[in-house]
Amino acid sequence: GNNYDIIFMDIQMPVMDGYKTASKIKELEIGTNLNTPIIALTANAMHGDREKCLAMGMDDYISKPIKISEFLRMIERNI
């Protein structure tokens, strides 16, 4: 499999949403030395979204449109 330094996960994807995908990735990492940071991306910056993302196994959260300075801080904080 491929190893990545960080994953930016769109929440709203067809077939399997970002919550389920992140949960599956974290499940696959159990028993390995991997713990890939997953950053949620969403256009729906609603109250409780951040908490839901963290509860589903994501490591951080950023809302769209993304500000470059915030994006760079997110990367620095998670790798």
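To start, this report covers the structure provided alongside it. (Residues numbered from 1 in each chain as written. Predicted model: local features only at pLDDT ≥ 70, side-chain atom pairs only at ≥ 80, totals over all residues. Heavy atoms only, no water.)

1. Quick look at the nonpolar core
Counting 10 residues, the largest nonpolar core is built from Ile7, Met9, Ile11, Tyr19, Ala22, Ile38, Ala40, Cys53, Met58 and Tyr61. Secondary structure elements with two or more residues in this core: strand S1 (7–10), helix H1 (18–29) and strand S2 (38–42). Discounting chain neighbours no more than four positions away, the residues touching Met9 are Gly18, Thr21, Ala22, Ile25, Ile38, Ile39, Ala40, Leu41 and Met58. (Core = buried A, V, L, I, M, F, W, Y, C linked by side-chain atoms within 4.5 Å. Buried < 20%, exposed > 50% of the residue type's maximum accessible area, 1.4 Å probe, protein only. Helix = DSSP H or I, 4+ residues; strand = E, 2+ residues; numbered from the N terminus. Contact = heavy atoms within 4.5 Å.)

2. Some points on the environment of Met9
As for its position among the elements, Met9 is in strand S1. Counting along the chain gives 46 residues from Met9 to Ala55, while the straight-line C-alpha distance between them is 15 Å.

3. What about unusual backbone geometry?
Between Lys64 and the following residue, Pro65, the backbone shows a cis peptide bond with an omega angle of 0 degrees. Mapped onto the elements, Pro65 comes out in the loop between strand S3 (60–63) and helix H3 (68–78). Located in the positive-phi region is Val15, a residue other than glycine, with phi close to 70 degrees. One can find Val15 in the loop between S1 and H1.

4. What about the pairing of S2?
Counting buried positions along S2 gives five out of five residues, so the element sits mostly inside the fold. On S2, burial covers both faces: Ile38, Ala40 and Thr42 on one face and Ile39 and Leu41 on the other are all buried. Here S1 pairs with S2 via four bridges, running parallel. Note on S2: the bridge partner recorded for Met9 is Ala40. Assessed by its sense of winding, the connection that carries the chain from S1 through H1 to S2 is right-handed. Bridge count between S2 and S3: four bridges; the pairing is parallel. Paired with Ile39 across the strands is Asp60, a residue of S3. (Pairing = 2+ DSSP bridges. Right-handed = clockwise from strand over helix to strand, strands pointing away.)

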